[in-house]
Amino acid sequence: MSVIEEAPLNITSKFLKCDEKMDEKEFMCWWYLSVINSEMNLFLPDKILESMCSSIEDFSMQNNSKKIAQMTFLLQQLFYESKFFPYWSSIEDRYLDLKGEVELLSSNINMKIPDSHHLMKRLVVTPGRLIFKPEALYPHSRITRQFMDRLDFLIVSFKDEQEQRLSISDIDFHVESILSEGLKIGSRQYLFLCASASQMRAHSSYFVWIKYGNMSIEDIRKEIISNYEEFSSSAKKLSRLSLYCTGDRQTISLHSNEVHMIDDISAGSGDLLTDGAGKITDKCAEKIAFHLNLDEVPSVFQIRYAGIKGVVVKVNPLTDEDFQNLNQERIKLLYRPSMQKFINGSTELNVVNYSRYLDLHLNHEIILLLLALHSLDENSEFVTTLLDMHTDYIKTLGKCFSNKHSAQALLVQYFPKQFIQSIVGSGIDILTEPFWFSVISGIFNQCFKDLTVKARIPVKNGCLLLGVPDPLGILKDGEVFLCIKNSQNNYSAISGRVVIYRNHFCIQVTLELLRLLIFQNCISFSNFLMLPKKNAVVSLASECSGGDLDGDLYGCIYDALLVPKCKSYSPLNYANLNKASAEVSCQSMVDFYCEVVKNDALGRIATLHTSLSVFLKEGVFHPLALKVAESQAIAVDFPKTGIKPKVPTDALEMVGRRLPDFIERPKSFRRISKFVTDNPLGVMFRECTSFDFEKKIGKCKFEACNRLLFEGNERFIDEAQLVYKLYEADMKRALLACDLDMEVDLVIGRPINWSEAQIGNKMKAMDSIRCCRDSLKNRYRSIFLEDPRLNNSRDILAKASAWNRVVFEKQHVEEVRFIINIPITIVPDNLALTIGMSVNNYLKTHIFSIRHTYSSKFAVFTQIAEAVGQSDFVRLRMFGSSCIFLCEDYSDVDIYAEILPSAYKNKNLVVNEREFMLLSQRNQEKHFLQLLISQNVEKEMLGFISGADVRLIPKENNAFLLSLKAEGSAASISRLRKELTHLCITGYSLSRRPRRVPKSFIEGSSIFLLKNYPVMLKLVMTFGLNYDVWVELAANDLTARLQKQLEKFCDDQANLKLLDTMEMTLRFGNFYAIDVSDAISAHEKTLEINEFAVAMERYFATPRKNDYNISVPSSTQMQMVELHPGNSKRPNNRRTVCSHTKNGIVTSFCPGLLASNCSDSNVVFTCKSLYRKILKKFGFSESTSVCGWWRVNFHPTVNHEISLVVKDDDNKSLMQICHRPKVWFSTTICDPLHDGVNKNSKLFQSHDMRIKIVTTEDILPESELYRFCYSDGDVFPLKLDVDGQPRIGNLPDNMRKSIGYIRNVKECICFSSCDLDAELIMGKEYSGLQMELVRHFVELNFSFNISEIKNELKQSLLRKIHINESFVKGVINKAVDISNIITEEMAKLNSNL
């Protein structure tokens, strides 16, 4: 017997070991105490826990069921509130408060559950403990209705200690024993019964405790499936048992003589055309609709009856051919052999679903399919259409907070249209009224999250429907019928071309282009897809991802812009896929369950297919992608068939550990990196992530409005207070039961964040949430109206006034969420309108704290509005939390700038109209915002903060600079200096910490300084500090960093032998930042220095997309391999197909002032002369000239880089062979006003500086690296042609591929001064595959005297090193002095040209 004990958790252990029999109430009391004990975020003192245990034991001995029920209720309330308490907070006081309220709420102990649902216990089993979960609301199924009195159901999930997916080893040693032996909880022995396919994928299952009798688990299974022994396969047994566990609604009863079996119809290909589809009489359909409380009779029902699974279409038995052939009036339902899954004697007909109009949304899978099809048409504009749909949808969502019509359209998707119209028509501002704002915010967050993660874009001309074979037999092969009745009760029969597809999780590999026909006699058939069956050659359902007609939903797109004009690819033969593979051989259902859990790879295969579809030019129609699609089709049915999926090894090699950026990375994929793709899905994803949208209702305390305090409300106030407490308690329990965190999720009927239990079947979860919401709403509306004191409308208004007053005067514990929904939920619609109408207006005038906060926010808005001034071109408005008085003191002020039409027509604002019209609308708006708002706002905000009169005046000689002039008191000028200094320091320095540090760069060695402290990297606005202040701050920072880095040098005494090679150099050149635009959000124009740092770090972690041009073998030759969760059996002897470039901001430093493509000898001479002149002006004397040399850079391995230097003579004698110098410290001082290359001189007009400290380690002649370069003895491996160009074609492959670049120094002139040496070098640099790229260079390098630093390092064994700040300050001053002289000489040179 498997019993899991938890020594530290005494409550749980005590519950598990208790052998005394308990009734259900006592058991649930201990259960919820264990739930609280399992909750990691909840802390209760031991004395409170001991008190709870003692109370339960005392109540049990007294047989006091009422007190036990009250204790259970208290624990439920406490657990919900614990979600919002900090980890370190004790909620002892709250427990005592709730304990005092239990007696008051005793009438509400038993939670009202919708008749169609029930509460089911949940338990998470980890290798080391049991985690008890609150009961959750589940729809009734046949198994619960039949066995509820005999069995106690428990849903068990298997997780690791962090409640994540289990590893394979844990499955073997942990899950198998629990499934085989069961779980003992108290005196109850829970045993494994069955699990559906979705449950197995989620690692969960049904366990049951047999309440009485001698029944065994096998007896229960045989009672469900009468022919149980006929199924030899464990997969079939579990599959059939799970059909009995499907959530459904019980309707009418049909005896066995009222149903009849008719034959299936096959297509010419052999596939069934009627797979899973039968018929039902219209009279029976009306009775079913009545039991379901439907206003209209649906055309199709998805049913479960006895052992029958499938759909039945409503027909008239007097005209239907199949009913007429039987000629038996008692027959009410016709089913087919394909619907009979097992034998069962039940006579209840249960409905799982029925035909209704469902909105269609695009997602990753269908978009990739449509992209592949449209790519065959050169004239297709699908990509443009898709991106426009995406942008328009974002705009529509954004308008819901500023436009009432957009907000109303959003609400109509979740609430009855007439109700929303009455709300808006009554005068309630749904944009600012707190309750409706919270609802709109919740819907917005849901929609925007789905759009970002799934590319879930609504399709106006599309729908999602049940598929049914033609009941009239009038459709020909290749024809379908579609008649839509939408939520507005409008009928429309569709004609034209259509795309149909199936299954969001099974990736579609073919789309059929069909003609839709309109038949007048088919109008009564609405909201389902009618497929042909008469003389059909193929089954369209089977061709759509191997679908059938037993309840599958089919997506239908009939938008002319989305439907491809080309012919589709031939579909895969899904029927034969499973025949090619062998079924898993398992003796028991436990073994099969474990095999499914260990080998379930559906999610990984789906991700693999999506990645391949992005990588490969042909997309989903590439042979490799098609093969993976076959694997996914097998993976979908693996829990039913027992056939393991396999994927091509080439696909694993290609994708590796990279995912497209738009795919949400699973938590188990910890080491997966992402790359940026040009695919429209990536473009849309990055556009979504560039916005920072999150609308949440704040914590507010409201008071009752005097306008709503009707006369006589005092009579109802006491009852209202009690009802409110009851309502609040019920709301908390409802949220627990539905596994929700926020009240708005319950109101909307759909959570923003899906829980583990919900994600397996979102549709059923939403139905459960809505049923719970409606039940709660109806209960409290009944409480309100069923009051004998309500004799007239005045009494109703008085009671409504009392309820409203209690809601808004209720003072909560600060940490507990305020429940604001009660006025709308409990009061009839017309009273709800009256109550909600003036809440927002009242808040403006009656709540001092909110008024004070709002006033401060409004003052900021007023200041900015005054800064912009009265303009005919722009209008400013407040929006967001400040606008609706839900802001805090620390909240931002959200301001919406509306660009007026007159701005677009003004010639002064739009100089070049032609270029302006080519910009996107977003970029046009940015133009006006920058022109009309930015400078004025910055100026006024500085004045507002400091109190000084601030003016910005453009400089005459430099359009990039603005002079700031300020007048005011000494205090205001001081505040202004402080604010400006703060702004500058935010852009002071940048330290790069790559995740993968190159071997030659010591971690933390690289830092960047921005000369003159620019606020922004792209200098839209800049401000320079006094030079002395800048040097002081820079020296402080560099000294600290230098000392820290050199301490790393001293950590390893072996480094001391490199001390003689240490040098500190200064180089002048240009610092480059590449791909900056990719790191800037779509709605921004500048990049702050800290954002720049993040983007640089991302470069080291995120690969970019590259083209994959590989030869893929035929499908029959592909090597296939099984996938496991979190583990791929990837062959180790194969190399990655190709490398990727990297994403983010790439940086580089190019020494010298020559443009990279400059080869003009005159320019080279000019640059050389300029440098010599500068050195002499600075006091340097020319010492010696050194002959030239060749430097070859090798990369023999990933971790090694060799620098080989030989003389430029006939012998090519060796000068040095060493490792790449180790960089212990590197700082780049950037010129923020870089002007680029002067067209006349072809030289850079300004420059940046790089200071480095490096050490060099020689390579010994006996080493492998030395022999790599000199494999033929002492012969230099590089050959030169007649022109002196290096030739590498004759080198061995390994050496040729390892060459990074080759440098030929033609001339080197040395200079010296008292404490600084310099060298001027000139030559050519070669790079490229064949060294075909040539760059001329003229470089000026300086070397500092660092004898003091070397002495410090030599004495590091005796004491801690100390770097003199004055030395660092001297280095900076020397570098800047030389830089200034170079800049002056460059200015003179350019002025003379």
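Here's a quick rundown of the structure.

What follows concerns the overall build of the protein. In terms of regular secondary structure, the protein is built from 44 helices and 45 strands. Taking all 1393 residues of the protein together, the buried fraction comes to 53%. As displayed, the protein offers around 64100 Å² of accessible surface, 49% of which is attributable to carbon and sulfur atoms.

All right, on to the pairing of strand β1 (residues 117-125) then. Most of β1 is tucked away: eight of the nine residues are buried. Hairpin geometry of β1 and strand β2 (residues 130-139) is characterised by an intervening segment of four residues between the two adjacent antiparallel strands. Direction of pairing for β1 relative to strand β3 (residues 151-158): parallel, over a ladder of five bridges. The residue bridging Leu-123 from the neighbouring strand is Val-156, located in β3.

Here we have six strands laid out as an open sheet, ordered β2-β1-β3-β6-β5-β4, and mixed in their pairing. Only two strands of the sheet have a single partner each, and these edge strands are β2 and β4 (183-185). Across the sheet, the mean angle separating the axes of adjacent strands is 35 degrees when strand polarity is ignored. Sheet topology places β4 next to strand β5 (residues 188-194); three bridges connect them, and they run antiparallel. What sits directly across from Leu-183, in β5, is Tyr-190.

Pairs of aromatic rings are described using the distance from one ring centre to the other and the angle between the two planes. With the rule as written, the count across this model stands at 15 aromatic pairs. Here Phe-1068 and Phe-1342 contribute two aromatic rings whose centre-to-centre distance is 5.8 Å and whose plane-to-plane angle is 80 degrees, an arrangement assigned as edge-to-face. In this pair, Phe-1068 sits in strand β31 (residues 1063-1074) while Phe-1342 sits in strand β45 (residues 1333-1344), placing the two residues 274 residues apart along the sequence. Take Phe-1068 and Phe-1342: they sit in the same class, and that class is buried. Ring pairing ties together the aromatic residues Phe-158, Phe-192, Phe-207 and Tyr-593, which thus form one cluster. Positioned over the ring face of Tyr-354 is Arg-356, at 4.8 Å from the centre of the ring.

Read from one edge of the open sheet, seven strands run β7-β13-β10-β11-β9-β12-β8, paired in mixed fashion. The sheet terminates laterally at β7 (249-253) and β8 (259-261), the two strands that pair on one side only. Averaged over neighbouring strand pairs, the angle between their axes works out to 35 degrees when direction is ignored. As paired elements, strand β10 (residues 300-305) and strand β11 (residues 308-315) share six bridges and run antiparallel to each other. In the strand pairing of β11, Val-300 is matched with Val-313.

What follows covers the environment of Asp-264. Topologically, Asp-264 is positioned in the loop between β8 and β9 (277-281). Judged by relative accessible area, Asp-264 falls into the partly exposed class, the value being 22%. Contacts of Asp-264, omitting those with residues within four sequence positions, involve Leu-272, Thr-274, Asp-275, Arg-336, Pro-337 and Ser-338. A polar side-chain atom of Asp-264 sits 2.8 Å from a polar atom in the side chain of Thr-274. One polar contact links the side chain of Asp-264 to the main-chain amide nitrogen of Ser-338, over a distance of 3.0 Å.

Here we come to the pattern of salt bridges. Here the structure, examined in full by the defined rule, presents 40 salt bridges. With a closest N to O distance of 2.9 Å, Glu-223 and Arg-150 form a salt bridge. With Glu-223 in helix α9 (residues 217-224) and Arg-150 in the loop between α6 (142-147) and β3, the pair connects residues that are 73 residues apart, well separated along the chain. Accessibility expressed as a relative area gives 31% for Glu-223, which makes it partly exposed. Overlapping salt bridges bring together Arg-1067, Arg-1303, Glu-1325, Arg-1335 and Glu-1339 as one network.

Residues Trp-31, Phe-158, Ile-185 and Leu-746 are the most contacted members of the largest nonpolar core, which totals 110 residues. Not counting residues within four places of it along the chain, the set of residues in contact with Leu-746 comprises Met-731, Ala-734, Leu-735, Cys-738, Leu-740, Ile-769, Cys-772, Arg-773 and Leu-776. In this structure, Leu-369, Leu-373, Phe-382 and Cys-688 belong to the second largest nonpolar core, which totals 62 residues.

With that out of the way, let us pick up the environment of Lys-133. Position of Lys-133 among the secondary structure elements: in strand β2. Taking the C-alpha atoms as reference points, Lys-133 and Arg-122, 11 residues apart in sequence, are found 5.2 Å from one another. Sequence-distant contacts of Lys-133, defined by excluding residues within four places in its chain, comprise Trp-31, Val-35, Arg-122, Val-124 and Glu-163. In this structure the side chain of Lys-133 is engaged in a polar contact, spanning 3.3 Å, whose partner is the side chain of Glu-163.

So, on to the side chain of Asn-1055. Following the sequence through the fold, Asn-1055 ends up in the loop between α37 (1027-1051) and β31. Engagement of the side chain of Asn-1055 in a polar contact is seen with the backbone oxygen of Phe-1049, the distance being 3.1 Å. Ignoring any residue separated from it by four or fewer positions in sequence, one finds Asn-1055 in contact with Lys-1048, Phe-1049 and Trp-1224.

Conventions adopted
Residues numbered from 1 in each chain as written. Predicted model: local features only at pLDDT ≥ 70, side-chain atom pairs only at ≥ 80, totals over all residues. Heavy atoms only, no water. Helix = DSSP H or I, 4+ residues; strand = E, 2+ residues; numbered from the N terminus. Buried < 20%, exposed > 50% of the residue type's maximum accessible area, 1.4 Å probe, protein only. Areas by Shrake-Rupley, 256 points an atom, 1.4 Å probe, with all protein chains shown as cover. Pairing = 2+ DSSP bridges. Axes fitted to C-alpha atoms, helices over the stretch in contact; angles between N-to-C directions. Phe/Tyr/Trp six-rings, centres within 6.5 Å; stacked < 30°, edge-to-face > 60°. Lys NZ or Arg CZ within 6 Å of the ring centre and 35° of its normal. Contact = heavy atoms within 4.5 Å. Polar contact = N/O pair within 3.5 Å; in protein donor to acceptor, adjacent residues only side chain to side chain. Salt bridge = Lys/Arg side-chain N within 4 Å of Asp/Glu carboxyl O. Core = buried A, V, L, I, M, F, W, Y, C linked by side-chain atoms within 4.5 Å.

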